[in-house]
Amino acid sequence: MRILIVLLFAFSSTSAFAKLKIPFGEREVLKKVYDLPDTDSFKVKEGQYFDLATLHKEYNIAWFLPLYITEEPRLVGYDGQADSYYDIPQDEIDAILASQKLNKASINKLSFYTRYGGKLVGLLILGLIIYGAIPSKKEKVEPKTV
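Chains are numbered independently. Their residues run from 1 in the order of the written sequence. Local features are withheld for residues below a pLDDT of 70 in this predicted model, meaning they are given only at 70 or higher, and side-chain atom pairs are given and counted only at 80 or more; totals for whole chains, interfaces and linings count all residues. Only hydrogens and water are removed before side-chain values are computed, so all heavy atoms of the structure are retained for them.

Observations concerning the sheet that holds strand β5 (residues 65-79)
Quick reminder of the rule: If DSSP finds at least two bridges between two strands, the strands pair. Helical segments are the DSSP runs of H or I of at least four residues, strand segments are the runs of E of at least two, and each set is numbered from the N terminus. Only the stretch in contact is used when a helix axis is fitted, and all axes are lines through C-alpha atoms; the angle between N-to-C directions ranges over 0 to 180 degrees. Whether two residues are in contact is decided by their heavy atoms, any of which lying within 4.5 Å being enough.
The sheet built from four strands is open, its strands ordered β1-β4-β5-β6 with antiparallel pairing. Two strands bound the open sheet, and with one partner strand each, they are β1 (24-34) and β6 (84-86). Neighbour-to-neighbour, the strand axes of the sheet open up by a mean angle of 35°, direction not taken into account. Relative to β6, β5 runs antiparallel, the two being bridged by three bridges. When the sheet's bridge partners are listed, G77 is paired in β6 with Y86. The strands touched by helix α5 (residues 112-133) are β4 (51-61) and β5; relative to β5, the strand with the most contacts, the crossing angle is about 155°.

Here it is as structure tokens:
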């Protein structure tokens, strides 16, 4: 038991946690939404073709808890091999969507978690922190003679 307590104190020192930094702030999120056919009309370079992706900006904590959207999603060209995107004019995007028989509204949207889930999880965490900070009432125990 003493070894467990010593190990607990050794690994929970403040110097170990001082190096741990949780990233937060605004970031661009690029998500592939449609795989275009590998034809010459969608060719970027020799052997590289682009697909359609959505690009939006969000303010998040630790890259997985999006709190709010700072820029609504828009469709861009996506090169998966280089993990980069290409700004394509809106009329060309519309032509690509028409040629592939795609509905713009159905592919240019954010998931429920990205839109609302981060807020719900953030409120839940905040509620648990507040609940843990409120002291609980201790029950009075009355002695009984046996």
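Still more to cover.
Observations regarding helix α3 (residues 90-99)
Filter applied, for reference: Partly exposed residues are those whose accessible area sits between 20% and 50% of the maximum for their type, while under 20% is buried and over 50% is exposed, using a 1.4 Å probe and protein chains only. The directions considered for the arc are those from the helix axis to the C-beta atoms.
Every buried residue belonging to α3 is among I93, I96 and L97, and all of these are buried. For α3, the angular spread of buried residues about the axis comes to 100°, placing them on one side. Along α3, the residues that are exposed and aim more than 90 degrees away from the buried face are D91 and A98. Buried residues belonging to α3 abut β4, β5 and α4 (104-107). Downstream of α3 by a residue or two, K101 has a phi angle that is positive, lying close to 55°.

Purely spatial values, then, with no claim about function.
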